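# Summary of structural features
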Amino acid sequence: MSVDYTLVIKRMQQLEQVYVLFAESTRLPFVECDPESYDDQVYMYAEEAAAQDGAKNYEEKQMPLRVVRVEKKQLPTFFTSIHLMGVNLLVFYERLSVSRIPLDQIIKVDPKKAENKHIPVNNASLQLTVIYFIQELRRPGQRKDDIERIKRLQELEEEMTVDLVRSSFILPVNASQDNGKVAIPYIKTPGGDILQPIFSDVWEFQKFQRDPEVKLKMAVAPFSKLLPSLMEQAKGFVLNPGGVNLILTREQLEAIAKRFEET
């Protein structure tokens, strides 16, 4: 039986602002897999107080969340961003009602724009598995001897690793040098380590490209080409530094590559 979401979507889009639960661990909208339907869902509220109550409920589960206000004019961009994250359901709280709205009823994505043989425009599977792993890994106050959690983390890491090996990545190249040469941007950690940024998709790359005077170009590499692309002085890569900020060290990449060569 089909459900008509037209009215609730119109009411939502007419609000001057809405409130969304974000995960502190990823700096992205909090994503949760529904245990019954297996939908990958985010939570949006019409009222700030209700959103704050929603965030407090997760504090009891040691899942730190914050409430982010999204203005009316920002909604199209927001819906696009969670689509690129692999989210397929929006849970919308409006006073005493709760609506579970499939994301494809809110945003229509042109399949031609999502297709690009050279540049990863949409890497939703990788985004999701990394998000789920990081949300669990960075939960505070967890027991190190919790067998069930250790098993869960191993399962999430395995899913993420498989997606890493299957994916292609965007590597930024600085082509704005005066001498005509290209340079590789890097990030220096507080501890002095050098990391090369890489991105799962164009959306994450654009977060990094903030300085209009620096002309960054996109190079694309499959997982098998990451290690040869790593600068000698770099400790590893950092995936999506404006979001999940996942560090992949040289040693980790070597271990993953060796493991999948053997399988």
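As shown above, the structure is provided for reference.
Here helix H6 (residues 147-166) is 20 residues long and its end C-alpha atoms lie 29 Å apart, about the 28 Å a rise of 1.5 Å per residue gives. Turning to H6, its buried residues are Arg149, Leu153, Leu156, Met160, Thr161, Asp163 and Leu164. One face of H6 carries all of its buried residues, which in axial projection span an arc of 160°. Those residues of H6 that are exposed and aimed more than 90 degrees away from the buried face are Ile147, Glu148, Gln154 and Arg166. Measuring from the backbone nitrogen of Glu148 back to the side-chain oxygen at the start of H6 gives 3.2 Å, which picks out Asp146 as the cap.

It is worth spelling out the side chain of Gln196 at this point. Within the secondary structure, Gln196 is located in strand E10 (residues 194-198). In terms of polar contacts, Gln196 uses its side chain to reach the backbone amide nitrogen of Met231, at 2.4 Å. With near-sequence residues (within four places) excluded, Gln196 lies in contact with Ile184, Pro185, Ser229, Leu230, Met231, Ala234, Gly236, Phe237 and Val238.

This brings us to the sheet that holds strand E13 (residues 246-249). Pairing within the open sheet is mixed, and its 4 strands lie in the order E9-E10-E12-E13. The sheet terminates laterally at strand E9 (187-188) and E13, the two strands that pair on one side only. For E9 and E10, the ladder comprises 2 bridges, and the chain directions are antiparallel. Directly across from Lys188, in E10, lies its bridge partner Ile194.

To continue, consider the packing of aromatic side chains. Aromatic ring pairs: the centre-centre distance and the angle between the two ring planes describe each pair. Under the defined criterion, the tally for this structure stands at 7 aromatic pairs. Between Phe30 and Tyr58 the ring centres are 5.0 Å apart and the planes differ by 65°, which places this aromatic pair in the edge-to-face class. Remark: Tyr58 occurs in helix H2 (residues 48-59) and Phe30 occurs in the loop between strand E2 (28-29) and strand E3 (32-33); sequence separation between them is 28 residues. Phe30 sits in the buried class, given a relative accessible area of 2%. Consider the rings of Phe199 and Phe208, whose centres lie 5.4 Å apart with planes at 50°: the pair is tilted. Judged by its relative accessible area of 27%, Phe208 is partly exposed. Members of the aromatic cluster, joined through ring pairs, are Phe30, Tyr43 and Tyr58.

Conventions we followed
Residues numbered from 1 in each chain as written. Predicted model: local features only at pLDDT ≥ 70, side-chain atom pairs only at ≥ 80, totals over all residues. Heavy atoms only, no water. Helix = DSSP H or I, 4+ residues; strand = E, 2+ residues; numbered from the N terminus. Expected span 1.5 Å × (residues − 1). Buried < 20%, exposed > 50% of the residue type's maximum accessible area, 1.4 Å probe, protein only. Arc of directions from axis to C-beta. Polar contact = N/O pair within 3.5 Å; in protein donor to acceptor, adjacent residues only side chain to side chain. Contact = heavy atoms within 4.5 Å. Pairing = 2+ DSSP bridges. Phe/Tyr/Trp six-rings, centres within 6.5 Å; stacked < 30°, edge-to-face > 60°.

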